[in-house]
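Structural features, examined
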Amino acid sequence: MTAPIDLVLPRLEKVRRRQPGQWSAKCPAHGDRTASLSVREAPNGSVLMNCFAGCCIEEITAALDLQLADLFPPRERSGREPQRIAKVLTAGQALEILDFEILFAATASANMARGMTLTEADHQRLITCAGRIGAIAREVKS
Ligand SMILES: [Zn+2]
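Attention here is on the structure that accompanies the text. (Residues numbered from 1 in each chain as written. Predicted model: local features only at pLDDT ≥ 70, side-chain atom pairs only at ≥ 80, totals over all residues. Heavy atoms only, no water.)

**A few points about the packing of helix α4 (residues 91-113) against helix α5 (residues 120-141)**
Running from amino to carboxyl end, α4 crosses α5 at an angle of 145°, the nearest separation of the two axes being 10 Å. Seen along the crossing, α4 lies across α5 with a hand that is left-handed. Residue-level contacts link Ala94, Ile97, Leu98, Glu101, Ile102, Phe104, Ala105 and Ala108 of α4 to Asp122, Arg125, Leu126, Cys129, Arg132, Ile133 and Ile136 of α5. Considering only residue class, the contact of α4 with α5 consists of eleven nonpolar, no polar and four charged. (Axes fitted to C-alpha atoms, helices over the stretch in contact; angles between N-to-C directions. Helix = DSSP H or I, 4+ residues; strand = E, 2+ residues; numbered from the N terminus. Left-handed = near helix turned anticlockwise from the far one by under 90°. Contact = heavy atoms within 4.5 Å. Nonpolar A, V, L, I, M, F, W, Y, C, P; charged D, E, K, R; others polar.)

The structure is reproduced here in structure tokens:
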């Protein structure tokens, strides 16, 4: 299977590696003259992207002809992984995942508020998202 980062990087222009697991590139979602897009590979293999000009992740993935679900390792779309994932995480990694899961949920809800329909893959990913947040919460409590 192709890792999410290997789907994303070949689609971007002006990619420059900043440090291990971190790149800058031209944002595909606006007329970017510099490299406004920051790309990071999270410890779990998910890809996090942030455009300093303010493009949302949905616009960036659409411009790359990808879905949000493509930014996550395929293995973890099943929704059955969370119990195991949480046990091997450091607190920092758990927070990083929470941060990303919440961003995903917020993006999905913003899209729905604008009348967009979630794809089946995004819907499944949202269920996984809830499962992972729940798993991390249980882990922290135990
Ligand atoms: Zn942008």
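So, next bit.
**So, α5**
The end-to-end C-alpha distance of α5 is 32 Å, a good match for the 32 Å that 22 residues give at a rise of 1.5 Å each. Burial in α5 covers these residues: Asp122, Arg125, Thr128, Cys129, Arg132, Ala135 and Ile136. One side of α5 holds all its buried residues, which, seen down the axis, span an arc of 135°. Of the exposed residues in α5, those oriented more than 90 degrees away from the buried face are Glu120, Ala130 and Lys141. (Expected span 1.5 Å × (residues − 1). Buried < 20%, exposed > 50% of the residue type's maximum accessible area, 1.4 Å probe, protein only. Arc of directions from axis to C-beta.)

**Some thoughts on the side chain of Ser46**
If you trace the backbone, Ser46 turns up in the loop between β3 (37-41) and β4 (47-51). Owing to a relative accessible area of 1%, Ser46 belongs among the buried residues under this scheme.

**Some details on the sheet that holds β3**
If you trace the four strands from one edge of the open sheet to the other, you get β1-β2-β3-β4, paired in antiparallel fashion. The outermost strands of the open sheet, each flanked by one partner alone, are β1 (13-19) and β4. Neighbour-to-neighbour, the strand axes of this sheet turn through a mean angle of 25°, independent of strand direction. Sheet topology note: the strand β2 (residues 22-26)/β3 ladder contains four bridges and is antiparallel. Bridge assignment links Ser24 to a residue of β3, and that residue is Ser38. (Pairing = 2+ DSSP bridges.)

**Re the packing of aromatic side chains**
All told, the structure shown has two aromatic pairs when counted by the stated rule. Between Phe72 and Phe100, the aromatic rings sit 4.8 Å apart at their centres with planes inclined by 20°, giving stacked as the arrangement. Of this pair, Phe72 sits in the loop between α2 (57-63) and α3 (82-87) while Phe100 sits in helix α4, and the two are 28 residues apart along the sequence. Phe100 carries the same exposure label as Phe72, and that label is buried. Plain terms: the ring middles of Phe72 and Phe104 are 5.4 Å apart, the flat faces sit at 90° to each other, and that makes the pair edge-to-face. Taken together, the residues span a long stretch of sequence, with Phe72 in the loop between α2 and α3 and Phe104 in helix α4 at a distance of 32 residues. Through a chain of ring-to-ring contacts, three or more aromatic side chains come together here, namely Phe72, Phe100 and Phe104. (Phe/Tyr/Trp six-rings, centres within 6.5 Å; stacked < 30°, edge-to-face > 60°.)

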